[in-house]
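Here's the letter readout for the chains.
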Amino acid sequence: MGWTDERVETLKKLWLDGLSASQIAKQLGGVTRNAVIGKVHRLGLSGRAAPSQPARPAFKAPRPARPAATAVPMARRAAPPQTREVSAATARAPSQPAQPEERGVATVLTLGAHMCKWPIGDPATDDFSFCGRRSADDGPYCVEHARVAYQPHQGKKKASAGELARSLRRYV
């Protein structure tokens, strides 16, 4: 449907009355919201008498109360890492099954910049948390979790001449 003089006049009146482009398109019928916007721009109708605004409540509903944070015993709070030697027998190897850790002290909301960001538990459950101990200066994890997260680089063993000859036979 085209833009007749009568429809253009109706468009101008409705636009200056403050109706939205969607509302005008519904009243005119046969045109889309984008067609109304395009015609308004081509006609140069930028000013409005009263812009259309959705009805808003006069007050905001109060937010639900947040659950109080549970007190964390002093023994579990972030303490400076103690330097101690770890023997090869006590160091946990990556191939050993991980033992369940106790709940951390930090949540997503309480996690700070220098706190260990090691996740503990399933994120889908209510008791999910982060370690929260003081992190090492050069990373996001505390000393214990950095040992688990970052494994030392295993250098590639150089092949002997015999192994190299055997691997090349399949290509010759």
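As the structure is a computational prediction, the values presented were derived from the model and not from experiment. (Residues numbered from 1 in each chain as written. Predicted model: local features only at pLDDT ≥ 70, side-chain atom pairs only at ≥ 80, totals over all residues. Heavy atoms only, no water.)

In the structure shown here, the tally under the stated rule is zero disulfides. Residue Cys131 stays outside any disulfide, its sulfur separated by 3.8 Å from that of Cys116, the closest cysteine. Owing to a relative accessible area of 6%, Cys131 belongs among the buried residues under this scheme. Between Cys142, a free cysteine, and Cys116, which holds the nearest cysteine sulfur, the sulfur-to-sulfur gap is 3.7 Å. (Disulfide = S-S within 2.5 Å. Buried < 20%, exposed > 50% of the residue type's maximum accessible area, 1.4 Å probe, protein only.)

If you want to describe how two helices pack, look at the angle between their axes and the distance between the axes. At a minimum axis distance of 8 Å, the contact between helix H2 (residues 21-28) and helix H3 (residues 33-43) shows a crossing angle of 105 degrees. The angle between H2 and H3 places the two elements in the roughly perpendicular class. Residues Ala21, Ser22, Ile24 and Ala25 of H2 form the contact with H3, whose participating residues are Arg33, Val36 and Ile37. (Axes fitted to C-alpha atoms, helices over the stretch in contact; angles between N-to-C directions. Helix = DSSP H or I, 4+ residues; strand = E, 2+ residues; numbered from the N terminus. Parallel < 35°, antiparallel > 145°, perpendicular 65-115°, else oblique. Contact = heavy atoms within 4.5 Å.)

Time to look at the confidence of the model for the chain. Residue-level pLDDT values for the chain average 75, and 69% of them are 70 or greater. Here helix H5 (residues 161-169) stands out as the least confident element of the chain, with mean pLDDT 81; H2 is the most confident, with 92. Ignoring residues within four places in sequence, the model shows residues 73-97, a span with pLDDT below 50, making 17 contacts including any to other chains. (pLDDT = per-residue confidence, 0-100.)

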